[in-house]
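# Results of the structural survey
What follows is the residue order along each chain.
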Amino acid sequence: MSFIPNDKEPVYIQIIRYIKQQIVVGELGIGDIIPSRRDMAVMIKVNPNTVQKAYKEMEEMGIITTHRNYQSNITDDCSIITKIKEDLINESMDSFISSMKGINVKKEEVINIINDRF
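Residues numbered from 1 in each chain as written. Predicted model: local features only at pLDDT ≥ 70, side-chain atom pairs only at ≥ 80, totals over all residues. Heavy atoms only, no water.

The name an unreviewed UniProt entry assigns to the protein is GntR family transcriptional regulator, from the organism Paraclostridium benzoelyticum.

Dropping the structure here:
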């Protein structure tokens, strides 16, 4: 697991994004077990309460399910998985477009750059 926190946003949000990214790229699949809260905290070297907060948020979002006090699993709801991918794409595009506008790059130029590099 290669999770490297930054100082730009709360760590629990970064954990949520990391899990979402792992789902989208296929590292975590439908029904996969994710590390326990304590194990995750040790792996990424953060306070267990931070991981607890991230897991609680993901449960509320429907990204993971936890059965009693046992393991947590990635949801088996394909519509949630699809929504996660759409959300990550939109976040990335919004950031990219904002950056391009910030340096006055024209839309046509951006499209040409994407066509050349993608």
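Let's shift gears to the packing of aromatic side chains. Aromatic rings considered in pairs are described by the distance between their centres and by the relative angle of their planes. A full pass over the atoms with the stated rule returns one aromatic pair. Relative to Tyr18, the ring of Phe3 lies with its centre 5.7 Å away and its plane at 80 degrees, an arrangement referred to as edge-to-face. On the criterion of sequence distance, the pair formed by Phe3 in the segment before helix H1 (11–24) and Tyr18 in helix H1 is long-range, its members being 15 residues apart. Given the relative accessible area of 12%, Phe3 is considered buried. With relative accessibility at 11%, the residue Tyr18 sits in the buried group. (Phe/Tyr/Trp six-rings, centres within 6.5 Å; stacked < 30°, edge-to-face > 60°. Helix = DSSP H or I, 4+ residues; strand = E, 2+ residues; numbered from the N terminus. Buried < 20%, exposed > 50% of the residue type's maximum accessible area, 1.4 Å probe, protein only.)

Quick look at the pattern of salt bridges now. Counted by the stated rule, this structure contains five salt bridges. For Glu59, the salt bridge goes to Arg37, with nearest N and O atoms at 2.8 Å. With a gap of 22 residues between them, Glu59 in helix H3 (residues 48–61) and Arg37 in helix H2 (residues 37–44) connect regions that are remote in the sequence. Judged by relative accessible area, which is 30%, Glu59 ranks as partly exposed. (Salt bridge = Lys/Arg side-chain N within 4 Å of Asp/Glu carboxyl O.)

The next subject is the nonpolar core. Judged by nonpolar contacts, the single largest core of 23 residues is most densely connected at Ile15, Ile19, Ile23, Val51, Tyr55 and Ile74. Elements with a minimum of two residues in this core: H1, H2, H3 and helix H4 (78–102). Element by element, the count of residues in this core is highest for H1, at six residues. (Core = buried A, V, L, I, M, F, W, Y, C linked by side-chain atoms within 4.5 Å.)

Here the focus is the packing of H2 against H3. Axis angle and axis distance: for two packed helices, these are the angle between their axes and the distance between the axes, and together they describe the pair. Two elements in contact, H2 and H3, have axes whose closest approach is 8 Å; the angle formed by their N-to-C orientations is 125 degrees. Comparing their axes, H3 and H2 come out oblique. Between H2 and H3 lies a crossing whose hand is right-handed. Mapping the contact onto sequence places Arg37, Met40, Ala41 and Ile44 in H2 and Pro48, Val51, Gln52, Tyr55 and Glu59 in H3. Class assignment for the residues of the contact of H2 with H3 results in six nonpolar, one polar and two charged. (Axes fitted to C-alpha atoms, helices over the stretch in contact; angles between N-to-C directions. Parallel < 35°, antiparallel > 145°, perpendicular 65-115°, else oblique. Left-handed = near helix turned anticlockwise from the far one by under 90°. Contact = heavy atoms within 4.5 Å. Nonpolar A, V, L, I, M, F, W, Y, C, P; charged D, E, K, R; others polar.)

Checked against the element boundaries, Thr75 lands in the loop between strand S3 (72–74) and H4. Polar side-chain contacts of Thr75 include one of 3.0 Å to the backbone nitrogen of Asp77. The residues touching Thr75, leaving out its near neighbours within four places in the chain, are Ile30, Gly31, Gly62, Ile63, Ile64, Ile80 and Ile81. (Polar contact = N/O pair within 3.5 Å; in protein donor to acceptor, adjacent residues only side chain to side chain.)

This chain's UniProt record puts "domain: HTH gntR-type" (unreviewed entry) on residues 9–77. In residues 9–77, helix accounts for 52% and strand for 12%; the two terminal C-alpha atoms are 28 Å from one another. (UniProt positions renumbered as here; feature names shortened; annotations may be inferred.)

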